[in-house]
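Each chain, written out:
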Amino acid sequence: MAKRVLTTESGAPVADNQNSATAGAGGPILLQDQHLLEKLARFNRERIPERVVHARGSGAYGYFEVTDDVTGFTRADFLSQVGKRTETFIRFSTVADSLGGADAVRDPRGFALKFYTDEGNYDLVGNNTPVFFIKDPIKFPDFIHSQKRDPFTGKQEPDNVWDFWAHAPEATHQVTWLMGDRGIPASYRHMNGYGSHTYQWTNAEGEAFFVKYHFKTNQGVRSLSADQASELVGKDANSHQTDLLQAIERGVNPSWTLHVQVMPAADAADYRFNPFDLTKVWPHSDYPLQRVGRLVLDRNPDNVFAEVEQAAFSPNNFVPGIGPSPDKMLQGRLFAYADAHRYRLGVNHTHLPVNAPRTAVVDNYGRDGVHATRNGSRHDKNYEPNSYAGPAQTDAALAAPLAIHGWTGTHEAPAHTKDDDFFQAGELFRLMSKDEKGRLVANIAGGLSQVTRDDVIEKNLAHFHAADADYGKRVEEAVRALRED
């Protein structure tokens with residue numbers, strides 16, 4: 001077997017990769033050592049900006065297989081027949097911490113899934129919780145700033161975390177999820193995934209439905225207590241990455257069953273909860289889960305940087321039969337996600353192998369920019385319409401149009417009959433067992449008792465009282481006891 005030759009970036013063979021060129025045996029290094037300069041310059045640039053959120057992540061390839069007929073609800077081709085398989089890539093992540101953070105922490109988990117369909121890539125971005133802390137994207141930068149490291153102390157501060165939540169009562173539902181037993185998943189394999197947002201499906205007849213995605217883990221839900229998580233972080237800060245990698249390498253391929261809740265579009269206006277509010281769920285008694293298929297992960301990436309760090313997901317990557325809803329947070333993310341990737345990876349990030357479609361043909365007038373790989377030839381025009389047989393529009397909308405009315409301006413979302421910030425948080429609390437309630441209260445009190453301002457504590461306690469009288473009473477007593485110690 002021929003020996004491989006080490007080369008420079010331009011392909012020239014490298015004579016010596018152990019010693020820099022110098023002026024004499026003991027002299028200074030020479031500026032003419034092109035291999036040294038290229039090597040150091042490339043090393044300085046081999047990191048890209050980490051994600052502002054979801055920085056710490058793990059990924060895997062797999063497939064999605066349709067198990068149930070859903071053609072009555074959507075004309076999406078990858079869901080068109082039972083037994084059809086579509087290649088996928090998934091990225092799991094924590095949200096608040098940096099790339100060097102630990103896996104086993106109390107934090108929501110990202111659940112971002114890319115379907116390499118025959119009609120183009122379909123990206124579904126969600127979390128391991130069905131709700132979120134806020135319902136309007138204009139508050140998202142402020143929310144994330146409150147959860148990130150403080151500019152002065154350089155660490156996450158309870159004062160900042162709870163001060164924001166004190167002024168965002170709609171966060172009470174998600175706080176109850178986060179501080180409950182599922183707040184620290186035992187691994188990525190042992191947690192559910194949710195689309196969280198409301199999306200639109202459209203069938204072949206043009207009928208529109210609103211849907212919510214639920215990926216139920218087939219491994220069973222397993223979570224860690226705060227003490228178990230602290231012990232695991234000390235042993236292996238990369239515990240979730242280790243678990244996922246080793247499971248797939250052993251052939252223990254994790255899987256999830258996808259269900260959807262389906263709401264006829266006409267139901268949305270009069271539903272008791274605003275169906276487009278990301279801080280709310282649709283009770284299963286109103287819209288039962290309907291099985292769609294299964295997601296199986298069966299291959300690890302060969303290069304974490306190329307395939308996990310450079311993976312780019314954007315909820316505006318739809319395919320025919322699937323589209324957006326009036327969900328305000330989703331609407332904001334339609335812009336923000338793609339823009340984040342243009343900043344981190346460049347305008348041509350969709351050319352990267354992990355982001356490029358597998359079977360669909362990309363044919364448009366995008367040209368130039370850093371790392372462009374599709375620039376056309378002398379026969380291709382870069383404008384449209386043209387007389388040179390360039391690609392043309394289809395005139396077929398991906399999804400059904402949404403009716404709108406009213407005046408432009410800044411508006412609060414219209415209130416539905418049960419639309420307050422506390423009802424569903426109280427319902428979640430009342431579903432918990434006695435032991436689950438005890439752990440939830442202890443987790444909340446552990447953080448809230450560290451807040452230095454009494455008014456911030458009182459504002460947060462008022463939220464828990466509003467959700468459920470017993471909930472508020474128990475949190476208040478636990479906080480008082482910890483502060484008196």
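What you are looking at is a predicted structure, and each value in this text was computed from that prediction instead of being measured.

Digging into the overall build of the protein
And step 1. Secondary structure assignment for the protein yields 12 helices and 10 strands.
And step 2. Computed over its C-alpha atoms, the radius of gyration of the protein comes to 25 Å, within 12% of the 23 Å expected for a compact globule of 485 residues.
And step 3. Looking at the 485 residues of the protein, the share that counts as buried comes to 46%.
And step 4. Residue pairs in contact within the protein that sit at least 24 positions apart in sequence constitute 73% of those at least 6 positions apart.
And step 5. Summing over all exposed atoms, the protein offers an accessible surface of approximately 24,800 Å²; the carbon and sulfur share of this is 53%.
And step 6. Side-chain charges in the protein split into 52 positive and 63 negative, and the spacing between the mean points of these groups amounts to 3 Å.

Regarding the side chain of S255
And step 1. Counting through the fold element by element, S255 comes out in strand β8 (residues 255–264).
And step 2. Of the polar contacts made by the side chain of S255, one reaches the side chain of N218; its length is 2.9 Å.
And step 3. Beyond its immediate chain neighbours, meaning those up to four positions away, S255 contacts K216, T217, N218, Q219, L295 and V296.

Observations regarding the packing of helix α11 (residues 454–467) against helix α12 (residues 469–484)
And step 1. Where α11 meets α12, the axes come as close as 5 Å, and the angle between the chain directions of the two elements is 150°. Here α11 is positioned roughly antiparallel relative to α12, judged by the angle of their axes. For α11 against α12, the interelement crossing comes out right-handed. When α11 is examined against α12, the residues D454, I457, L461, F464, H465 and A467 are found in contact with a partner set consisting of A469, Y471, G472, K473, V475, E476, V479 and R483.
And step 2. Residue composition of the contact of α11 with α12, grouped by class: 8 nonpolar, 2 polar and 4 charged.

Examining the nonpolar core
And step 1. One finds W201 and Y213 to be the most contacted residues of the largest nonpolar core, which totals 46 residues.
And step 2. Here this core gets 5 residues from one element, more than from any other, and that element is strand β3 (residues 109–117).
And step 3. V161, Y194, F429 and F464 belong to the second largest nonpolar core, which has 42 residues in total.

Observations regarding the packing of aromatic side chains
And step 1. Scanning all chains against the criterion turns up 30 aromatic pairs.
And step 2. Among the aromatic side chains, those forming a connected cluster through ring pairs are F64, F78, F115, Y122, Y199, W201, Y213 and F318.
And step 3. When the ring centre of Y63 is taken as reference, the NZ or CZ atom of R85 above it lies at 4.0 Å.
And step 4. When the ring centre of F423 is taken as reference, the NZ or CZ atom of K418 above it lies at 4.6 Å.

A few points about the pairing of strand β6 (residues 199–202)
And step 1. Of the two faces of β6, the one holding Y199 and W201 and the one holding Q200 and T202 are both buried throughout.
And step 2. Sheet topology places β6 next to strand β7 (residues 208–217); 4 bridges connect them, and they run antiparallel. Among the inter-strand pairings, Y199 is bridged to a residue of β7, identified as V211.
And step 3. Where β6 folds back onto β7 in an antiparallel hairpin, the turn is made up of 5 residues, including G206, whose phi is positive at roughly 90°.

Looking at unusual backbone geometry
And step 1. Omega for the peptide link from E384 to P385 comes to 5°, which places this bond in the cis form.
And step 2. Relative to the helices and strands, P385 is located in the loop between α8 (328–345) and α9 (423–431).
And step 3. With phi around 65°, S196 is a residue other than glycine that occupies positive phi space.
And step 4. The phi angle at A389 is positive, at roughly 60°, despite the residue not being glycine.
And step 5. Turning to its location among the elements, A389 is positioned in the loop between α8 and α9.
And step 6. Residue A389 is classed as exposed on the basis of its relative accessible area, which comes to 78%.

Comments concerning the pattern of salt bridges
And step 1. As enumerated under the stated definition, the model contains 32 salt bridges in all.
And step 2. Between R439 and D181 there is a salt bridge whose closest N-O contact spans 2.5 Å. Taken together, the residues span a long stretch of sequence, with R439 in helix α10 (residues 434–448) and D181 in the loop between α4 (172–178) and β5 (193–194) at a distance of 258 residues.
And step 3. Residue classification places R439 among the partly exposed residues on the basis of a relative accessible area of 39%.
And step 4. Accessibility expressed as a relative area gives 26% for D181, which makes it partly exposed.
And step 5. D454 is the partner of R483 in a salt bridge, and the nearest nitrogen-oxygen pair spans 2.9 Å. A residue pair is termed long-range when its members are at least 10 positions apart, and R483 in helix α12 and D454 in helix α11 qualify at 29 residues.
And step 6. Salt bridges sharing partners connect three or more residues here, namely R51, R91, E309 and R344.

Remarks on the pairing of strand β2 (residues 85–94)
And step 1. Across the 10 residues of β2, 8 count as buried, placing the element largely inside the fold.
And step 2. Here 9 bridges tie strand β1 (residues 57–66) to β2, and the two strands are oriented antiparallel to one another. Within β2, the position partnered with F64 by the bridge is T86.
And step 3. Relative to β3, β2 is paired through 7 bridges, and the arrangement is antiparallel. By the bridge assignment for β3, F92 is matched with F111.

Points about the packing of helix α3 (residues 158–166) against α11
And step 1. Running from N to C, α3 and α11 point in directions that differ by 50°, and their axes come no closer than 9 Å. With respect to α11, the element α3 is oriented oblique. Between α3 and α11 the crossing geometry is left-handed. Contacts from W162, D163, W165 and A166 in α3 reach V456, K459, N460, H463 and F464 in α11.
And step 2. Along the lines of polarity and charge, the residues of the contact of α3 with α11 split into 5 nonpolar, 2 polar and 2 charged.

What about the side chain of H214?
And step 1. Looking at the element boundaries, H214 is found in strand β7.
And step 2. When its relative accessible area of 5% is taken as the criterion, H214 is described as buried.
And step 3. Among the polar contacts listed, one links the side chain of H214 to the side chain of Q261, at a separation of 2.9 Å.
And step 4. Those residues within four positions of H214 in sequence are excluded, and the remaining contacts are G193, Y194, T257, L258, H259, Q261, H284 and L289.

Cut-offs applied
- Residues numbered from 1 in each chain as written.
- Predicted model: local features only at pLDDT ≥ 70, side-chain atom pairs only at ≥ 80, totals over all residues.
- Heavy atoms only, no water.
- Helix = DSSP H or I, 4+ residues; strand = E, 2+ residues; numbered from the N terminus.
- Rg over C-alpha atoms; globule rule 2.2 N^0.38 Å.
- Buried < 20%, exposed > 50% of the residue type's maximum accessible area, 1.4 Å probe, protein only.
- Contact = heavy atoms within 4.5 Å.
- Areas by Shrake-Rupley, 256 points an atom, 1.4 Å probe, with all protein chains shown as cover.
- Lys, Arg positive; Asp, Glu negative; His and termini not counted.
- Charge placed at Lys NZ, Arg CZ, Asp CG, Glu CD.
- Polar contact = N/O pair within 3.5 Å; in protein donor to acceptor, adjacent residues only side chain to side chain.
- Axes fitted to C-alpha atoms, helices over the stretch in contact; angles between N-to-C directions.
- Parallel < 35°, antiparallel > 145°, perpendicular 65-115°, else oblique.
- Left-handed = near helix turned anticlockwise from the far one by under 90°.
- Nonpolar A, V, L, I, M, F, W, Y, C, P; charged D, E, K, R; others polar.
- Core = buried A, V, L, I, M, F, W, Y, C linked by side-chain atoms within 4.5 Å.
- Phe/Tyr/Trp six-rings, centres within 6.5 Å; stacked < 30°, edge-to-face > 60°.
- Lys NZ or Arg CZ within 6 Å of the ring centre and 35° of its normal.
- Pairing = 2+ DSSP bridges.
- Salt bridge = Lys/Arg side-chain N within 4 Å of Asp/Glu carboxyl O.

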